[in-house]
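# Residue-level structural notes
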Amino acid sequence: MTETNPTLSFEVFPPNSQVGVDNLTDTLDQLKGLNPSFISVTASNHKLNYEETTINLAKYVKDNLHCHTMVHMPAAYVTKTEVRSILNRLEKMNIHQVLALRGDIVEGYVPEKDFKYASDLTQFIKQEKPDFTVSGACYPEVHPDSKNRIDDIKHLKNKVDSGCDQLITQLFYDNEQFYRFQEECAIADINVPILAGIMPIVNRKQALHVIENCAARLPKKFINILDKYKDNPVSLKEAGIAYAVDQIVDLVTNDVSGVHLYTMNKADTAKHIFKNTASLFHLDGVAE
Ligand code: FAD
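Okay, so let's go over this structure. (Residues numbered from 1 in each chain as written. Predicted model: local features only at pLDDT ≥ 70, side-chain atom pairs only at ≥ 80, totals over all residues. Heavy atoms only, no water.)

## Some points on the overall build of the protein
Operational definition: Note on conventions: DSSP H or I runs of at least 4 residues are helices, E runs of at least 2 residues are strands, and numbering of each starts at the N terminus. Note on contacts: a residue pair is in contact if any heavy atoms of the two residues lie within 4.5 Å. Working definition of accessibility: Shrake-Rupley area with a 1.4 Å probe, residue cover restricted to the visible protein chains. Positive charge is attributed to Lys and Arg, negative charge to Asp and Glu, and no charge count is given to His or to the chain ends. Every charge is mapped onto a representative atom, which is NZ of Lys, CZ of Arg, CG of Asp or CD of Glu.
Check the secondary structure of the protein and you find 10 helices and eight strands. Principal axes of the C-alpha set define a box for the protein whose edges measure 50 × 50 × 45 Å. Here the contacts in the protein between residues at least 6 apart in sequence split such that 80% fall between residues at least 24 apart. Carbon together with sulfur atoms contributes 50% to the accessible area of the protein, which is approximately 14,600 Å² in total. One finds the centroid of the 30 positive side-chain charges in the protein at a distance of 3 Å from the centroid of its 38 negative side-chain charges.

## Regarding the site of the ligand
The following threshold applies: Distances are taken per atom, and a residue is near a molecule or strand as soon as one of its heavy atoms is within 4 Å of it. Nitrogen and oxygen atoms within 3.5 Å of one another constitute a polar contact, given that in protein one can donate a hydrogen and the other can accept it, and given that sequence-neighbouring residues count only through two side-chain atoms.
Near the ligand lie 24 residues; those nearest to it are Ala 43, Asp 104, Tyr 139, Asp 152 and Lys 159. Contacts to the ligand include Asp 104, whose side-chain N or O atom sits 2.5 Å from an oxygen atom. A distance of 2.9 Å is found between an oxygen atom of the ligand and a side-chain nitrogen or oxygen belonging to Ser 146. When isolated, the ligand has an accessible area of 980 Å², and the protein chains bury 84% of it.

## Digging into the packing of helix α1 (residues 18-31) against helix α2 (residues 51-65)
The geometry of a pair of packed helices is captured by two quantities: the angle between their axes and the separation between those axes. Spelled out, the test is: Inter-axis angles, ranging from 0 to 180 degrees, are taken between N-to-C directions of lines fitted to C-alpha atoms, where helices are fitted over the stretch in contact. Take the far helix as your reference; a near helix turned counterclockwise from it by less than a right angle gives a left-handed crossing, and one turned clockwise gives a right-handed crossing. Under this grouping Gly is polar, as are all residues other than the nonpolar Ala, Val, Leu, Ile, Met, Phe, Trp, Tyr, Cys and Pro and the charged Asp, Glu, Lys and Arg.
Between α1 and α2, the shortest axis-to-axis distance is 10 Å and the interhelical angle comes to 35 degrees. Regarding α1 and α2, the two cross each other, and that crossing is right-handed. Listed contacts from α2 to Leu 24, Thr 25, Leu 28, Asp 29 and Leu 31 of α1 are Leu 57, Tyr 60, Val 61 and Leu 65. Of the residues that constitute the contact of α1 with α2, the class distribution is seven nonpolar, one polar and one charged.

## Structural notes on unusual backbone geometry
Note on backbone geometry: most residues besides glycine have negative phi, and most peptide bonds are trans. This is how the line gets drawn: Burial here depends on accessible area, computed with a 1.4 Å probe over protein chains only, as a share of the maximum for the residue type. Under 20% is buried, over 50% is exposed, and the range in between is partly exposed.
For His 66, which is not glycine, the phi torsion reads 50 degrees and is therefore positive. Examined against the element boundaries, His 66 turns out to sit in the loop between α2 and β3 (69-74). Of note, the phi angle at Asp 255 is positive, near 65 degrees, even though the residue is not glycine. Topologically, Asp 255 is positioned in the loop between α9 (233-253) and β8 (258-262). Accessibility expressed as a relative area gives 60% for Asp 255, which makes it exposed.

## Examining the sheet that holds β3
Remark on secondary structure: sheet strands pair via backbone hydrogen bonds, oriented parallel or antiparallel. Definition in use: Two strands qualify as a pair provided DSSP detects at least 2 bridges between them.
Spatially, eight strands are ordered β1-β2-β3-β4-β5-β6-β7-β8 in a closed barrel, and the strand pairing comes out parallel. Strand after strand, the sheet turns through a mean of 30 degrees between neighbouring axes, direction not considered. In this structure, strand β4 (residues 97-101) lies alongside strand β5 (residues 133-138), joined through four bridges in parallel fashion. Across the sheet, residue Leu 99 finds its bridge partner in β5, namely Ser 135. Sheet strands touched by helix α5 (residues 149-161): β5 and β6 (166-169). Its angle to β5, the strand with the most contacts, is close to 175 degrees.

## What to know about the pairing of β5
Selection rule: The definition of a right-handed crossover adopted here requires that, viewed with the strands pointing away, the path from the first strand over the helix to the second runs clockwise.
With respect to burial, β5 is a largely interior element, five of its six residues being buried. As a crossover connection, the stretch from β4 through helix α4 (residues 118-128) into β5 is right-handed. In this structure, β5 lies alongside β6, joined through four bridges in parallel fashion. Among the inter-strand pairings, Ser 135 is bridged to a residue of β6, identified as Gln 166. Traced from β5 through α5 to β6, the parallel crossover comes out right-handed.

## Digging into the side chain of Glu 141
Rules: By definition here, a salt bridge exists when the distance from a side-chain nitrogen of Lys or Arg to a carboxyl oxygen of Asp or Glu is within 4 Å.
In this fold, Glu 141 is placed in the loop between β5 and α5. Buried and unpaired, Glu 141 has no salt bridge, with Arg 217 as the nearest side chain of opposite charge at 6.0 Å. Looking at Glu 141, its side chain comes within polar contact range of the main-chain nitrogen of Arg 217, at 2.6 Å. Setting aside residues up to four positions removed in sequence, Glu 141 forms contacts with Leu 171, Phe 172, Gln 177, Ala 215, Ala 216 and Arg 217.

## Some remarks on the pattern of salt bridges
Under the criterion given, the structure shown has 13 salt bridges. Between Lys 59 and Asp 63 there is a salt bridge, and its shortest N-O distance comes to 2.7 Å. Taken together, the positions of Lys 59 and Asp 63, both in helix α2 and four residues apart, correspond to about one turn of that helix. Note on Asp 63: relative accessible area 40%, which makes it partly exposed. Across the pair Arg 84 and Glu 128 runs a salt bridge, and its minimum N-O distance is 3.0 Å. Taken as a pair, Arg 84 in helix α3 (residues 80-92) and Glu 128 in helix α4 lie far apart in primary sequence, 44 residues in all. A network of salt bridges, in which partner residues are shared, links Arg 149, Arg 180 and Glu 184.

## Structural notes on the pairing of β3
Where burial is concerned, most of β3 is hidden: six out of the six residues are buried. Direction of pairing for strand β2 (residues 39-41) relative to β3: parallel, over a ladder of three bridges. Residue pairing across strands places Ser 40 opposite Met 70, the latter belonging to β3. When β3 meets β4, the two strands line up parallel, connected through five bridges. Among the inter-strand pairings, Pro 74 is bridged to a residue of β4, identified as Leu 101. Once the chain exits β3 it traverses α3 before rejoining the sheet at β4, and the crossover so formed is right-handed.

Next up, the structure:
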């Protein structure tokens, strides 16, 4: 069996304010030199200036950080013609990695008909640009629209068969949920690399948002951190980062294919985690 090193990648999002833009530029400058496998750029799922937000940020990452760049592409509200034009633009920019998504269906907005599921977009991209790498989203704790785990895994198998080269998980805080999911994928003959999505908790507001919006199981150890340091933001941040490092060490020890870090556009968090885990990924970048 050939052993390959696990990958470490980062996710950033296009800010919606000038302060956010300045902060992000600073963040990206600080991430320079860490040599992540790739940096992915998120997208709004409802056609809000994809070109000016996601594509522009992806271009900045590509041109200034000189690392592989992946764009997220939610498809429910776009047409084949629009996707074709975006793919051509990406190709010209030398960006060949797409995270193909359906995106959330927004109440009151009727989706377009071209891409009902992410698998439809995956298939379309592979037909249009066979040399593009297409990733897909997956949910160790089941996608909220799914009736049950079995259906979710069957649909995931279909998505991988439609051309996904790798999967990236929704965030989770209990590694056991991830290991169970990996086993279910193996049983279903889903054999592409699965990158584990890790989001360090760095403040209480963000923690409450995650608890409200995400179905992730929160282990007692994690809840204890939130309770104990609820009035101490500095300790909460340190403990949140330490928790994420602990998760990552366990994942790599258990031969995860890769870790995808939701940076929340915070350079210091990403650098801190990088410093504490770089050797596990055999990375020689420098966090200053
Ligand atoms: P799909 O894979 O299409 O699945 C959606 C639901 O449909 C699932 O319940 C699935 O089981 C079911 N399904 C799939 N195929 C079938 C079928 N043939 N028949 C019946 N049911 C089926 N959202 C954004 O808007 N922007 C982002 O940048 C973004 N980035 C993300 C990054 C990651 C790593 C993850 C995990 C999610 C991200 N999302 C993003 C959220 C994502 O768009 C939502 O979770 C969305 O609701 C589902 O998208 P999907 O691509 O997983 O959909």
